[in-house]
Each structure stands twice: as structure tokens, then as C-alpha cells.
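So you can see what is in the structure, the chains are spelled out below.
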Amino acid sequence: MGKLRIGLIGAGCIGTVHANSVKSIEEAELSAIVDIRLERAKALAEEHGVEKVYEDYVEMLDREQPDAVIIATPNYLHAKMTIDALNRGVHVFCEKPMAMNAGEAEKMVEARNKSGKILMLGMCQRFRNDSKAIRNVVLGGELGSVYFTKITLLRRAGIPGMGSWFTTKAFSGGGPLIDLGPHVLDLALWLQDFPRPVSAKGYTFSKLGTQNKCLGGWGIPEPGGPFDVEDLAVALIRLEGGGVMYLETSWALYTKDDTFNIILSGDKAGASLTPPCKFTEVDGKWVETGIECQEANVYLEEMKHFVECIRRNTSPGPLPEHGVIVMRLIDAIYRSASTGNEEKV
Ligand SMILES: NC(=O)c1ccc[n+]([C@@H]2O[C@H](COP(=O)([O-])OP(=O)(O)OC[C@H]3O[C@@H](n4cnc5c(N)ncnc54)[C@H](O)[C@@H]3O)[C@@H](O)[C@H]2O)c1
């Protein structure tokens, strides 16, 4: 089998990261780069010695007939580009969020089923060594039955690309809930073998972005552009089996620190992702045990996994079916924030 020929669609921030990953994988090569801002595609192509650049991804698909594509464009393009590629028999790695909503995500799974090709989502947090270690602890039964999961991904001053597609609801679908939510909701569910979310009560706030405050962190700002999304989302989620998850995620919030953690509490013990450790009470004494983990290059690891799944014809870890569940949950949280009711997932 020759090298896998991969087309990159979107030569922005994360597209650049993926181009570097593909470069480090012996069995794959970038065969073409697409961006509607052709100068970005050209600059990245030059850096990576890629000869073919395109402005139009459909033209690239039809002329280059790549084995696979990486979709690294704004959220509103994920479903359409994925379906167009799968319909042409091309394997797809699609960035998060999977789509703008669950309806689009379901259509992506239908297209995957029809094509028989691989559709993998960019759930890079699953490739952290601490994620894998905590999942082993949970699935090994050390926590007993997990009934409370606390998910925190708070940025104090991290509104990405102010005024760009990121902060424009029609292009992004929303703020931190749809941007950061897919990473941590997927991870929190995967750590405990994906119990199905049943309902959600959600709250969203848009307080600091509207004042043009707390910008930073990621993306390319477009001063003067809109900010019509939330900057904080909070949710209480009921799971099948009776457990609950509490989510807090922000791009902008007057809080003490930036925080990223998932804490799982069971009836035998608890575990925390960052730093990875487990804790319980033994003979009346609190016992906490740290877990040694090396830091991983999660973007390289996920791309190696994608390439391996194609070469071996195996299902990817981050299944699109899981992506559909996460999109249904995000839809329910937004719905609840708007109706004020607890909403079914
Ligand atoms: N997995 C992660 O950790 C992670 C991190 C950042 C971003 N993302 C996701 O990756 C996607 C891209 O984010 P980004 O930060 O790289 O954004 P970005 O704005 O830096 O890059 C997007 C690129 O897509 C191009 N583009 C727009 N429309 C296009 C079209 N029709 N055809 C071809 N190219 C087009 C833009 O010109 C731009 O260069 C988003 O969905 C985001 O949520 C994932």
C-alpha cells in the first residue's frame, strides 16, 4: 500500500497543526491544500512542499480524488463538506464540533453508512495519557458506581477571534458550549463508557463579549464584526442510570483562574483528571494517590489513529455516533437556556 493521500480543507489555525501532524506520519502525505483565502493555502503548501492548492474544495475532491480529507473549516461547513467527501468515497477526519446541530450530525452518519468509508471526529482530548489512565480507573471499577461528574472548562479572557465566524452564531452555532463543550462532554461521557444523557437544564450568559472584553487565546480577530453568542454556559445533565453531570464552560468570566478538569465521584472512590489522581477514605483516613502520566502530542496521536483506521479498515475511537449524542445534548442545553425548562436530550 502506497502513502495515503490526504487533502487538507482549511489552512487556518488548526489546519496548520494538522499539516504538521501529517508530515510526521510515514504512511501519509498531504496531496492538496484548500482555503477560500488562497494565500493561506499557498503559504502552508510552500512550507510543506505540497504542489496542489485550491480555493474550492469540490474542485479539489473531483480533480485530486484523495484517499482522505481533513476538514478544518468553520463549524457551519463541517456537515456539508463531510457529506460531499463521503459521497465521493473519501474518508473524513472532521474537526469538532461535529456540526451545527444534531440534525446535521445525523445526516453525516447516514452518509458514512452509505459510503462505507471512515468518519472520525477530532476528539483530541481522548488521546491524552491522563484521560486514558482515568478511563482505566473508572472502567476497572475502582470508583464503584459513578453518580456525579463535575466538568469545568473555564477561560477568564479567551474569546477566540472576536468579530470573526467564531463569535457569529450563524457560522459557529454558539459560544463556548458548542466550541469547548464537545471536547469535555465527549470526554466526560467516554471516561465512563458513554452513559446516555436523558435531559438537561441549561443557562447561558452573554455579558463580557458584548462589552468587547476578555478577548484572546485563539483565532484571528476581525474587529467590528458581530458577537451574538454566549460567553458562559452552565448545565445540569441527567444520565441514564440516575447519575448527574454538572458543566461550566466559558470563553470570558470574572473568575479566579482558567480551569480545565473533570472530577468523577463514585460510591467507592473519586478521580480527578488534572492532575490525574484518585481518592477515597480508608479506615477513617482520606487517601489520595497521584497517577504518573507523560504529556502526549494529542493532535499527532489522533491523526496517527485516523491513518491506522483507514489502513486496517477498523472503526475509529471517536465514533460519529458519539458525536451525534453530544450534539443532541448541546441542542438540549441551548433549548433549555431559551425555554427555561429542563429539556429531553
Ligand atoms: N480540536 C481542537 O483542539 C480545535 C482547536 C481549534 C479549532 N478547532 C476547530 O477547527 C475548525 C477551524 O478552526 P480554526 O481555529 O482553525 O479557524 P480559522 O478561522 O483559523 O481557520 C479556518 C480556515 O477555513 C477557511 N475557510 C473558510 N471557509 C472555507 C471554505 N468554504 N473552503 C475552504 N476553506 C475555508 C478560512 O479561510 C480559514 O483559513 C473549527 O471548527 C474549530 O472549532 C478545533
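Data block above holds the structure.
Let me sum up the structure you'll find in this document. Each chain has its residues counted from 1, running along the sequence as written. A pLDDT threshold of at least 70 governs which residues receive local features in this predicted model, and a stricter bar of 80 or more applies before side-chain atom pairs are shown or counted, although totals over entire chains, interfaces and linings include all residues. Calculation of side-chain values draws on the structure's entire complement of heavy atoms; hydrogens and water are dropped beforehand.

**Some thoughts on the sheet that holds strand 9 (residues 232–239)**
- Here the rule is simple: two strands pair whenever DSSP picks up at least two bridges between them. Numbering of helices and strands starts at the N terminus; helices are DSSP runs of H or I of at least 4 residues and strands are runs of E of at least 2. Spatially, 9 strands are ordered 14-13-12-11-7-10-9-8-15 in an open sheet, and the strand pairing comes out mixed. Since the sheet does not close on itself, it has two edges, and those belong to strand 14 (285–290) and strand 15 (343–344), each with one partner.
- Bridge count between strand 12 (residues 270–272) and strand 13 (residues 277–282): 3 bridges; the pairing is antiparallel. Bridging across to strand 13, Ala 271 finds its partner in Lys 278.

**Brief notes about the site of the ligand**
- A cutoff of 4 Å decides nearness: a residue is near a molecule or strand if any of its heavy atoms lies inside that distance of it. Taken together, 27 residues surround the ligand, and among them Asp 35, Arg 40, Asn 75, Trp 218 and Tyr 299 come closest.
- Taking Cys 13, its main chain carries an N or O atom lying 2.9 Å from an oxygen atom of the ligand.
- We define a polar contact as two N or O atoms separated by no more than 3.5 Å, with the added condition that, inside protein, one atom must be a possible hydrogen donor and the other a possible acceptor, whereas residues neighbouring each other in sequence contribute only through side-chain atom pairs. Within the backbone of Lys 96, one N or O atom sits 2.9 Å away from an oxygen atom of the ligand.
- The protein chains hide 92% of the 850 Å² of surface that the ligand would expose on its own.
- Each residue gets one of three labels, nonpolar for Ala, Val, Leu, Ile, Met, Phe, Trp, Tyr, Cys and Pro, charged for Asp, Glu, Lys and Arg, and polar for the others, Gly among them. For the shell around the ligand, a count of residues per class yields 14 nonpolar, 7 polar and 6 charged.
- Of the domains in this structure, domain 1 (4–123) and domain 2 (126–297 + 328–344) are the two that each give at least three residues to the shell around the ligand. Working definition of accessibility: Shrake-Rupley area with a 1.4 Å probe, residue cover restricted to the visible protein chains. Where each domain starts and ends comes from a domain assignment, either automatic or drawn from a database.

**Examining the nonpolar core**
- To form a nonpolar core, buried Ala, Val, Leu, Ile, Met, Phe, Trp, Tyr and Cys residues must be joined to one another through side-chain atoms within 4.5 Å. The buried label applies to any residue whose accessible area, calculated with a 1.4 Å probe on protein chains only, is under 20% of its type's maximum; exposed applies above 50%, and partly exposed to all values in between. Ranked by internal contacts, the top residues of the largest apolar core, which has 74 residues, are Val 69, Leu 185, Ile 237 and Leu 247.
- Among the elements that take part in this core, helix 11 (residues 320–339) stands out by supplying 9 residues, more than any other.
- Viewed by domain, this core spans two of them, domain 1 (4–123) and domain 2 (126–297 + 328–344), each represented by three or more residues.
- The contact rule is simple, with two residues in contact once any of their heavy atoms fall within 4.5 Å. Ignoring sequence-local partners within four residues, the contact set of Val 69 consists of Ile 6, Gly 7, Ile 9, Met 60, Leu 61, Ala 85, Val 90, His 91, Val 92, Phe 93 and Phe 306.

**Quick look at helix 2 (residues 38–48)**
- Where helix 2 is concerned, the buried positions are Ala 41, Leu 44, Ala 45 and His 48. Down the axis of helix 2, the sector holding all buried residues measures 105°, keeping them to one side. Turned more than 90 degrees off the buried face of helix 2, the exposed positions are Glu 39 and Glu 46.
- Structurally, helix 2 contributes buried residues whose contacts are with strand 1 (4–9), helix 1 (13–23), strand 2 (28–34) and strand 3 (52–54).
- Gly 49 sits one or two positions beyond helix 2 and adopts a positive phi of about 65°. To be clear, the arc concerns the directions from the helix axis to the C-beta atoms.

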